[in-house]
Structures are given as C-alpha cells and as structure tokens.
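Given next are the chains, with one letter for each unit.
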Amino acid sequence: MRGNKFITVRKEVPALQKITIGTNKNGHGLGFGDINGDGREDIIFEAGWYERPQSNAMTAPWKYHNDWFIHGSVPMLCCDMNKDGKTDIIVGHGHDYGLFWWEQLEPKDGKTQWKEHLIDDSFSQPHTLHWADLDGDGEGELITGKCFHAHNGRDPGGNEQPCLYSYTWNPNKLKFTRHTIEEGNVGTGRKIRTADINDDGKLDIAVAGKSGTYILFNTGR
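Residues numbered from 1 in each chain as written. Predicted model: local features only at pLDDT ≥ 70, side-chain atom pairs only at ≥ 80, totals over all residues. Heavy atoms only, no water.

Caption draft 1: Quick peek at the overall build of the chain. A count of helices and strands for the chain gives zero helices and 15 strands. Principal axes of the C-alpha set define a box for the chain whose edges measure 75 × 45 × 40 Å. Here the chain, with 221 residues, has 43% of them falling under the buried criterion. In the chain, the share of contacts with a sequence separation of at least 24, taken over all contacts with a separation of at least 6, comes to 40%. (Helix = DSSP H or I, 4+ residues; strand = E, 2+ residues; numbered from the N terminus. Buried < 20%, exposed > 50% of the residue type's maximum accessible area, 1.4 Å probe, protein only. Contact = heavy atoms within 4.5 Å.)

Have a look at this one:
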C-alpha cells in the first residue's frame, strides 16, 4: 500500500514446454558441438549423439547415432584440436579412471570414426571439465580434477586424494601437458567456474564438492 492506495503486483509465472529431442537413448555425459560438419550444433552424450535437423529443431525428430559409449563427463567438450576442420571431443570418465581426447577421423559407412588419445589416467572421476585461459596467452587450458566421492567412495579410486589440474595443449605435438593446481585438499564437484574475482587481470577458479568449497586465486606463473 502506498498512501491510501493499494498497488497490485502481477506475478509472472514462466511457462515451460516439453521438447523431445529423442527417445532412443540417454545417459551420463552431455555436450554440444557440430559433429558432422553441417554447421548445426548437435547433442553428444554417453551413448552417441543426436543430429540436429536442418529445420524445425524444436519439433522435428533428431537422428540418433550410436557411435560410442562412455560414462562421460559433464560437459564433454567439442573443439577442433588438430585444426583439420573436424570436431574432436575431450571427455572424462566420470566414475572411473581416464581423461581422453577423441580425434575424429573420416566417416565410414555413414558412421563417425574416432581415435582415442589418453590425456591422463592417474586419478579417477574427472566428472566435470572446464576450458579457460588461465595463463593469459590467448589460448585456453583444460581444467579438471577428481570429483571426490562422486558415488560416496564406491567408484574405482573413489577414496584416493582430491586433486585439481590444468592442462596446456601443444598443437604441434598434439599433446596435453599437466600442471598441478592443488593436490590433497581440493577436488571438483559437478562444475568448475572461472572469473577474475580479485580484479587483478587473471582468471581465478571456484569449485565446490564433497571435498569442500574453494576459491583458488591465480598468482601467475
């Protein structure tokens, strides 16, 4: 009430509409990228990918491609690592050991083909991945670590120490190099976020999970 007048406040309620992408398969892991090079973003996940239709993406069916299986990270990152014009995938095994990049090869018999490259298998549960320019060189780095107790210690290596790492990419050797951010205390949860929290021009890292909630301030090289 303002003075002697009542003010009516309208509460806007958002309306939700269910859109079915596909009913063939779902599962652990999620990412977005142009897998087949048609200029349209597709959806990738544990058991393959859904191809975005040429038009009417909200109503037309998305074609399912059963091209791989992995209990994948969230997200799975889509990027052209070797600059050959084809989308590659960076993926962690969310509930086991293994962090990989998958090189996309030429398709065969209408099916995508992939060559798996191991990045790191020294820790388990790289459940979430993040890509950001931590060193300020204009190129992004891969950030991930152990999602400590993702299944309350029941996963392989689930009780081993938390850890958080960054990986720089060498485009000439097509290889990642690991750099330790923290070991023994800081793990990941379901997300990793970066921002310049203290306004010093460098990206800092925020993580939260069963190992605790942390801000890691970037002090440079």
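Caption draft 2: Molecular detail of unusual backbone geometry. For the peptide bond that leads from Val 74 to Pro 75, omega is 5°, which places it in the cis range. Relative to the assigned elements, Pro 75 resides in the loop between β4 (63-65) and β5 (77-79). Phi angles above zero are rare outside glycine, and His 149 is one such case at about 55°. Residue class for His 149 comes out partly exposed when judged on its relative accessible area of 22%. In this structure, Leu 174 takes a positive phi of about 55° despite not being glycine. Looking at the secondary structure, you find Leu 174 in the loop between β11 (163-170) and β12 (175-183).

Caption draft 3: Local environment of the sheet that holds strand β13 (residues 192-195). As summarised here, the arrangement of the three strands in space is β13-β14-β15, forming an open sheet in which the pairing is antiparallel. Pairing within the sheet leaves two strands with one partner each, and these edge strands are β13 and β15 (212-216). Mean inter-strand twist for the sheet, computed between neighbouring axes without regard to direction, equals 15°. Bridge count for strand β14 (residues 204-209) against β15 is five bridges, and the pairing is antiparallel. Counterpart to Val 207 in the pairing with β15 is Tyr 214. (Pairing = 2+ DSSP bridges. Axes fitted to C-alpha atoms, helices over the stretch in contact; angles between N-to-C directions.)

Caption draft 4: Geometry of the side chain of Thr 87. Summarising the element assignment, Thr 87 is placed in the loop between β5 and β6 (88-92). A relative accessible area of 15% means that Thr 87 is categorised as buried. At a separation of 2.7 Å, a polar atom in the side chain of Thr 87 contacts the main-chain carbonyl oxygen of Asp 34. (Polar contact = N/O pair within 3.5 Å; in protein donor to acceptor, adjacent residues only side chain to side chain.)

Caption draft 5: Expanded view of a nonpolar patch on the surface. Taken together, the side chains of Leu 30, Phe 32 and Val 74 define a hydrophobic patch exposed on the protein surface, amounting to about 230 Å² of accessible area. Along the chain, the position of Val 74 falls in the loop between β4 and β5. (Patch = residues over 30% accessible without salt bridge, like charges linked within 9 Å, V, L, I, M, F, W, Y side chains within 5 Å. Areas by Shrake-Rupley, 256 points an atom, 1.4 Å probe, with all protein chains shown as cover. Salt bridge = Lys/Arg side-chain N within 4 Å of Asp/Glu carboxyl O.)

Caption draft 6: Just the sheet that holds strand β10 (residues 141-145), in detail. Read across the open sheet, the four strands follow the order β9-β10-β11-β12; overall the sheet is antiparallel. Single-partner strands in this sheet number two, and they are β9 (130-132) and β12. Across this sheet, the average inter-strand angle for adjacent strands is 30°, counted without regard to direction. With three bridges joining them, β9 and β10 adopt antiparallel strand pairing. The residue bridging Ala 132 from the neighbouring strand is Glu 141, located in β10.

Caption draft 7: Looking closely at the pairing of β10. Most of β10 sits out of view: five of its five residues are buried. Covered by surrounding structure in β10 are Glu 141, Ile 143 and Gly 145 together with Leu 142 and Thr 144, the residues of both alternating faces. Here β10 runs beside β11; their pairing, made up of four bridges, is antiparallel. Counterpart to Leu 142 in the pairing with β11 is Tyr 167.

Caption draft 8: Structural view of the packing of aromatic side chains. Using the criterion set out here, one finds 10 aromatic pairs in the structure. Relative to Tyr 64, the ring of Tyr 50 has its centre 5.3 Å away and its plane inclined at 40°; by these criteria the two rings are tilted. In this pair, Tyr 50 sits in strand β3 (residues 48-51) while Tyr 64 sits in strand β4, placing the two residues 14 residues apart along the sequence. When its relative accessible area of 4% is taken as the criterion, Tyr 50 is described as buried. Grouping aromatic residues by their ring pairs yields a cluster made of Phe 45, Tyr 50 and Tyr 64. Between Arg 178 and the ring centre of Tyr 165, over which it is positioned, the NZ or CZ distance is 4.0 Å. (Phe/Tyr/Trp six-rings, centres within 6.5 Å; stacked < 30°, edge-to-face > 60°. Lys NZ or Arg CZ within 6 Å of the ring centre and 35° of its normal.)

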